[in-house]
Amino acid sequence: MTAQRPPAFPWPDGYRAAASFTFDVDAESCVLAHDPGAVGRMSLMGHQAYGPRVGVPRLLELLRRQEVRATFFVPGYTAECYPHVVEAIVDGGHEIGHHGYLHEQMRGIDESAEARYLDRGLEVLERLTGARPVGYRAPWWEMNWRTPRLLVERGFAYDSSLLDDDVPYRLGTADPQAPALVEIPVDWALDDWEQYAFFPGWTGSGVIESPDKAVRMWSLEARARHAEGGCFVLTNHPFLSGRPARAAALEGLVEEVKAMDGMWVAPLREIAEHADRVCGPARVHTKPDIAAAE
């Protein structure tokens with residue numbers, strides 16, 4: 001039996017696909033969450049601080065030139081350390097999303113710890129921006145089975161952490177009476193970490209890819225998603241893609257994606273708002289029953 005392709009996603013009138021450029025402003029948080037002792041490594045801390053200090057301003061100028069509005073996921077700790085950066089992002093017309101407080105590891109934690117991280121990040125971002133974020137991206141894209149329920153309880157409208165589709169869908173919880181989130185899926189192939197991240201003794205293989213190679217790969221994916229009517233979501237980190245040659249290559253990709261016929265380029269919040277109006281019944285993800293397979 002031949003598998004049936006799903007029906008085309010109903011994008012707004014005049015559009016055939018969507019794209020969003022997103023940035024995770026991890027800065028020092030993603031290092032300190034895993035190794036607090038790294039605070040003593042001045043060079044490593046500077047490597048991460050490059051993101052908010054230099055990378056974000058360069059990327060904001062790039063987005064201004066291209067007249068593109070993006071989504072920036074900011075850990076609460078980063079926002080507290082660099083409130084002027086958060087202000088600049090908002091002043092540029094971009095969306096601020098939740099990305100944990102200290103980019104905490106989500107695996108192996110209990111519900112009370114996860115709820116505490118969510119609440120602490122929410123408090124910081126709401127206090128600094130004057131608005132409660134509606135979008136969430138889990139640190140390392142690591143969701144727990146309970147995470148959708150915790151997000152719904154806190155009024156989030158969408159999540160962008162799962163990797164199980166090419167278009168947005170409605171993500172439900174075990175409670176059929178509870179509101180559903182919109183899920184806007186991501187992909188490790190559309191993340192600059194795998195292309196550029198390296199610091200001795202902390203992360204990476206030591207192989208740092210050329211921006212030409214990285215952008216070529218992302219371009220191929222953008223074209224394929226455009227052809228299929230999908231949703232292209234690129235994830236960049238300012239401490240990586242905010243470097244000069246990488247930012248220049250990224251700007252070329254932004255220009256290419258914008259020029260695709262019928263490509264809607266928007267912040268994730270706007271894509272989620274549209275998806276909430278057109279998506280069908282919610283999917284409820286359940287943990288596989290290993291015992292049943294034995």
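Read on for a plain summary of the structure. (Residues numbered from 1 in each chain as written. Predicted model: local features only at pLDDT ≥ 70, side-chain atom pairs only at ≥ 80, totals over all residues. Heavy atoms only, no water.)

As for the packing of aromatic side chains
Applying the stated criterion across every chain, the model contains twelve aromatic pairs. Ring geometry for Trp140 and Trp193: centres 5.0 Å apart, planes at 70°, overall edge-to-face. One end of the pair, Trp140, is in the loop between strand S4 (135-136) and helix H6 (147-153); the other, Trp193, is in helix H7 (residues 193-196), with 53 residues separating them in the sequence. Take Trp140: its relative accessible area is 26%, and that puts it in the partly exposed class. Following the ring pairs from residue to residue traces out a cluster consisting of Phe9, Trp11, Tyr15 and Trp264. The side chain of Arg120 reaches across the aromatic face of Tyr101, ending 3.8 Å from its centre. (Phe/Tyr/Trp six-rings, centres within 6.5 Å; stacked < 30°, edge-to-face > 60°. Helix = DSSP H or I, 4+ residues; strand = E, 2+ residues; numbered from the N terminus. Buried < 20%, exposed > 50% of the residue type's maximum accessible area, 1.4 Å probe, protein only. Lys NZ or Arg CZ within 6 Å of the ring centre and 35° of its normal.)

Here's the deal with the pattern of salt bridges
Here the structure, examined in full by the defined rule, presents 21 salt bridges. A salt bridge links Arg225 to Glu221; the nearest nitrogen and oxygen atoms lie 2.9 Å apart. Note that Arg225 and Glu221 are positioned in helix H8 (residues 211-228) at a spacing of four residues, about one turn of the helix. Residue classification places Arg225 among the buried residues on the basis of a relative accessible area of 8%. With relative accessibility at 26%, the residue Glu221 sits in the partly exposed group. One salt bridge in this structure joins Arg223 and Glu256, with 3.0 Å as the shortest N-O distance. (Salt bridge = Lys/Arg side-chain N within 4 Å of Asp/Glu carboxyl O.)

Digging into the layout of surface pockets
Taken as a whole, the second largest pocket spans an internal volume of roughly 280 Å³. Contributing to the lining of the second largest pocket are 14 residues, with Asn144, Trp145, Pro148, His285 and Thr286 lying nearest its centre. Split into classes, the residues belonging to the lining of the second largest pocket amount to seven nonpolar, five polar and two charged. (1 Å grid on protein atoms, 1.4 Å probe; cavity = no way out; pocket = protein on both sides within 12 Å on 5 of 7 lines; lining within 4 Å. Points joined across faces, edges and corners; volume = space filled by probe spheres on them. Nonpolar A, V, L, I, M, F, W, Y, C, P; charged D, E, K, R; others polar.)

Some details on the nonpolar core
Judged by nonpolar contacts, the single largest core of 52 residues is most densely connected at Phe21, Phe72, Trp218, Phe232, Leu253 and Val257. It is helix H2 (residues 42-66) that contributes the most residues to this core, eight residues altogether. When neighbours within four sequence positions are excluded, Phe232 is seen to be in contact with Ala18, Ala19, Ser20, Phe21, Leu190, Trp218, Glu221, Ala222, Arg225, Leu253 and Val257. Phe9, Trp11, Trp141 and Trp264 belong to the second-largest nonpolar core, a separate cluster that totals 20 residues. (Core = buried A, V, L, I, M, F, W, Y, C linked by side-chain atoms within 4.5 Å. Contact = heavy atoms within 4.5 Å.)

Overview of helix H5 (residues 111-129)
The terminal C-alpha atoms of H5, which comprises 19 residues, lie 27 Å apart, in line with the 27 Å expected from a rise of 1.5 Å per residue. When H5 is considered as a whole, its buried residues turn out to be Ala113, Glu114, Ala115, Leu118, Gly121, Leu122, Val124 and Leu125. Just downstream of H5, Gly130 is the residue with a positive phi angle, here 80°. (Expected span 1.5 Å × (residues − 1).)

Thoughts on the pairing of strand S3 (residues 95-98)
Both faces of S3 are covered, namely the face carrying Glu95 and Gly97 and the face carrying Ile96 and His98. Pairing geometry for strand S2 (residues 71-74) and S3, over four bridges, is parallel. When the bridges of S3 are listed, Phe73 appears paired with Gly97. (Pairing = 2+ DSSP bridges.)

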